[in-house]
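Residue-level structure breakdown
So you can see what is in the structure, the chains are spelled out below.
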Amino acid sequence: MKKLLFLMSIAACLVLTSLAAHAKQDYYGYKKVASYDSGKIKVISFSSKWNTVGKLKSVVDELHKNFHGHEMDKLKEIYLYPDQHGSASGDYRYSYTQGQNRKITLQSNNYINLYNCNTEDTIPKIARTLSHEYGHHFTIYYMLQKENKLPGYKNTEYQKVRGLLNHKKINNGEHKWSLAEIAAEDYVAYFGSSTGKTSRVFHDISGFSQNSSAKAVISTDIYNFSPQENSEIQVASNVPKAKQYWLNAIGYKGPVLDSPPSPAYVYVDTVNQAEEAFLDDGKEMYTYILKWTKSVDDSSKNLEYTLVAYTDSIDASHAYPIKTVYDKDQNRTAVVGYYEKGNIYAYDSLLDKSKKYIYSVTLH
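Residues numbered from 1 in each chain as written. Predicted model: local features only at pLDDT ≥ 70, side-chain atom pairs only at ≥ 80, totals over all residues. Heavy atoms only, no water.

**Describing the sheet that holds strand 10 (residues 304–311)**
A sheet is described by the order of its strands in space; here three strands give the open sequence 11-10-14, paired in antiparallel fashion. Strand pairing shows two members of the sheet lacking a second neighbour, strand 11 (319–326) and strand 14 (357–363), which therefore form its edges. Each strand of the sheet is rotated relative to its neighbour by a mean of 20°, with strand direction disregarded. Relative to strand 14, strand 10 is paired through seven bridges, and the arrangement is antiparallel. (Pairing = 2+ DSSP bridges. Helix = DSSP H or I, 4+ residues; strand = E, 2+ residues; numbered from the N terminus. Axes fitted to C-alpha atoms, helices over the stretch in contact; angles between N-to-C directions.)

**Here's the deal with unusual backbone geometry**
A negative phi angle characterises most non-glycine residues, just as the trans form characterises most peptide bonds. Here the phi dihedral of R102 falls at roughly 70°; this positive angle occurs in a residue that is not glycine. With respect to the helices and strands, the residue R102 is situated in the loop between strand 5 (90–99) and strand 6 (104–106). Notably, N171 is not glycine yet its phi reads approximately 55°, a positive angle.

**Observations regarding empty space enclosed by the protein**
The full count for this structure, using the stated rule, is one cavity of 30 Å³ or more. Put simply, the largest cavity is a space of about 50 Å³. The wall of the largest cavity is formed by R162, K176, E181, I182, E185, D186, Q228, E229, N230 and I233. (1 Å grid on protein atoms, 1.4 Å probe; cavity = no way out; pocket = protein on both sides within 12 Å on 5 of 7 lines; lining within 4 Å. Points joined across faces, edges and corners; volume = space filled by probe spheres on them.)

**With respect to the pairing of strand 13 (residues 344–347)**
Of the pairings in the sheet, the one linking strand 12 (residues 333–341) to strand 13 comprises four bridges and is antiparallel in character. Bridging from a neighbouring strand, Y338 pairs with Y347 of strand 13. Here strand 12 folds back onto strand 13 in antiparallel fashion, the turn holding two residues, of which G342 has a positive phi close to 60°.

**Overview of the packing of helix 4 (residues 179–191) against helix 5 (residues 240–249)**
To describe two helices that pack against each other, one gives the angle between their axes and the distance between the axes. Two numbers describe how helix 4 lies on helix 5: the axes approach to 11 Å, and their chain directions differ by 90°. Between helix 4 and helix 5, the angle is such that the two are roughly perpendicular. In this structure, helix 4 contributes A183, D186, Y190 and F191 to the contact, and helix 5 contributes A242, K243, W246 and L247. (Parallel < 35°, antiparallel > 145°, perpendicular 65-115°, else oblique. Contact = heavy atoms within 4.5 Å.)

In structure tokens:
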């Protein structure tokens, strides 16, 4: 029986991507610094910050914290590169064959590249990208098993259960609308290691001067700020049918899944005009008190809420985290705009009247 061999590349989430064929690993001209062979997976480093067997072993240990099965046998190597490669933080390279009966089979020579490892020099810093790239491996393997289709194909059962069957933007060439990328992001949400899903507590304008974390650099690696690359579709945790799809694909026979957290709805509770306070252009300033409803979650007794504002479009590049609270706090309130208390005066400049704002609460 004649078979055709295909070699493909899928680049990392959170940035941009390209899809291309690669016949072999080319190492980009770097010299090997260190390597580790677990007996099943090899880790090869070209980064001076990943230069010991112990550190490379920790990469394999972290990989195993992601939910996995026998599909891991088809992943052979992980490469760590010192610098950025294009705009991607990582990519997954895979090959498959297609026989005359059109059966597609994933081959056993697949590998993951992680980039910028001289900066991303600890396990917590690479964990989310590693989960995402392994998510490509996982979703490709099991979609082939279940549907004999690749995750990027249109009109798949996965696309249907994800609620995207008739969505006009799917596979339009933009990274976040690639079904393959959405599937890999879903894997992170459903099955990814907790190491790559860390939260940061954000503070609104009333806590800005007292909390240095409010001034920290914002990154889409922060899970409670950006749980998935595409903010325009349902968050994965709100689509239990998609999780069940993957569990069915791997033959999971466990108990019925818990229901997802109920949505938290944001509303403007109070608008106060600041006394004798003016902007540079002479316009009066206002304080807006935002509140949101309590969510019900079967699997968490202390649910985390992060209020996020979007301008122009629901996209991470237009997103601003405002405040993080927990059920135990019993205070689902945030201050936006002008704030004054004692000798403290602050203004977060978030309420630009020329822009339209959309507020959303991320649950974690």
